[in-house]
Amino acid sequence: MSIKIFDTHAHYDDEAFDEDREELLSRIQQAGVARVVNVACSMETSEKMPDFISDYDFMLGTVGVHPDDIDNLCNADMDRIKELSEKKGIIAIGEIGLDYHYDDIDKELKKKWFATQLDIAKELKLPVSIHSRDAARDTLEIMKSENVLDVSGVMHCFGYGVDMAREFLDMGYYIGVGGVVTFKNGRKLKEVVEYTPIDRIVIETDCPYLSPVPFRGKRNYSGNLTYVAEEIARIKGISVDEVYELTYDNAIKLYRLYEGTE
Ligand code: NI
């Protein structure tokens with residue numbers, strides 16, 4: 001079987017790719033990358049997303065505002081997110097969520113815009129890509145109070161332990177696994193991969209960030225997901241081909257990319 005990678009979370013519009021974006025993306029399918037979801041993180045990146053992804057037939061996109069970027073949001077921005085979500089190739093709301101790592105923005109404000117964007121996803125019946133760091137309990141609480149059971153989604157770049165993984169899995173969410181699973185100090189994520197049923201794992205780069213070993217610290221890209229797939233295969237005791245195939249199918253389900261819906 002040939003490699004068929006589905007990168008469920010990338011940022012190819014990042015300036016880290018400005019120098020060679022065209023060249024890199026023109027040969028990405030030869031590296032086995034079949035599909036990429038390019039994820040927005042601000043109003044600015046959301047605004048540009050429909051146009052950006054239209055240049056690449058293997059690429060889909062999201063619109064939404066990351067918790068580190070919500071400080072100047074207003075209600076009109078949310079109306080705009082709704083409009084943008086109707087554009088061709090936009091298939092999810094993200095990345096949205098909670099991040100308490102830096103405390104420069106008020107927590108209550110972060111919670112408010114996370115809940116608001118979850119509401120939008122629910123209203124539009126779109127899946128969500130959720131970013132959650134150092135905020136496990138509040139993330140869970142908001143997802144529960146917003147009643148997101150009928151919104152499918154992924155816990156992107158999952159950074160919590162098995163106990164939290166169980167909570168999100170119970171709500172029907174997928175676990176996003178990237179380069180960290182190859183790190184020597186990635187034990188917590190390796191345990192989560194061991195615990196999570198293979199039909200609930202998707203793979204992601206979060207590129208340009210989080211390159212797997214042996215490229216840790218360097219700029220990441222979707223072709224590096226072979227290293228992530230190999231580590232998942234090792235942990236699960238299945239073949240790498242199975243990991244490619246299953247995580248691909250999972251991503252199709254997560255983003256609801258059934259025939260006729262794209
Ligand atoms: Ni990201």
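Up top is the structure.
Summary of the structure given here. (Residues numbered from 1 in each chain as written. Predicted model: local features only at pLDDT ≥ 70, side-chain atom pairs only at ≥ 80, totals over all residues. Heavy atoms only, no water.)

### So, the packing of helix α6 (residues 162-170) against helix α7 (residues 187-195)
Turning to step 1, where the next piece is worked out: Put simply, α6 and α7 touch, their axes get as near as 9 Å, and they point 40 degrees apart. The orientation of α6 relative to α7 falls into the category oblique. Seen from above, α6 lies across α7 with right-handed handedness. In contact with Val162, Ala165, Arg166 and Leu169 of α6, α7 contributes Glu191, Val192 and Tyr195.
Turning to step 2, where the next piece is worked out: Counted by class, the contact of α6 with α7 contains five nonpolar, no polar and two charged residues. (Axes fitted to C-alpha atoms, helices over the stretch in contact; angles between N-to-C directions. Helix = DSSP H or I, 4+ residues; strand = E, 2+ residues; numbered from the N terminus. Parallel < 35°, antiparallel > 145°, perpendicular 65-115°, else oblique. Left-handed = near helix turned anticlockwise from the far one by under 90°. Contact = heavy atoms within 4.5 Å. Nonpolar A, V, L, I, M, F, W, Y, C, P; charged D, E, K, R; others polar.)

### Concerning the coordination of the nickel ion
Turning to step 1, where the next piece is worked out: Looking at the metal site, the nickel ion is ligated by His9 (NE2), His11 (NE2), Glu95 (OE) and Asp206 (OD), spaced 2.2 to 2.3 Å from it.
Turning to step 2, where the next piece is worked out: Coordination at the nickel ion is irregular: its four donor atoms span angles of 85 to 175 degrees at the metal.
Turning to step 3, where the next piece is worked out: One chain supplies every donor to the nickel ion, and in sequence these donors are spaced H-x1-H-x83-E-x110-D. With respect to burial, His9 and His11 carry one shared label: buried. (Donors = N, O, S within 2.8 Å, 3.2 Å for Na, K, Ca; no water. Tetrahedral: all angles 85-135°; square planar, octahedral: opposite > 155°, others 65-115°. Buried < 20%, exposed > 50% of the residue type's maximum accessible area, 1.4 Å probe, protein only.)

### What about the nonpolar core?
Turning to step 1, where the next piece is worked out: Within the largest apolar cluster, 73 residues are counted, with the highest numbers of intra-cluster contacts made by Tyr12, Met143, Phe168 and Tyr173.
Turning to step 2, where the next piece is worked out: Beyond its immediate sequence surroundings of up to four residues, Tyr12 is in contact with Phe17, Arg21, Leu24, Leu25, Ile28, Val36, Asn38, Phe52, Met59, Cys207, Tyr221 and Ser222.
Turning to step 3, where the next piece is worked out: By size, the runner-up hydrophobic cluster in this structure holds 15 residues, among which are Val37, Val154, Val202 and Ile252. (Core = buried A, V, L, I, M, F, W, Y, C linked by side-chain atoms within 4.5 Å.)

### Some points on the packing of helix α2 (residues 43-53) against helix α3 (residues 75-85)
Turning to step 1, where the next piece is worked out: Contact geometry of α2 with α3 gives a least axis separation of 10 Å together with a crossing angle of 25 degrees. The angle between the axes of α2 and α3 places the two elements in the roughly parallel class. Remark: the crossing between α2 and α3 carries left-handed chirality. Residues Met43, Ser46, Glu47 and Pro50 of α2 lie in contact with α3, whose contacting residues are Asp77, Arg80, Ile81 and Leu84.

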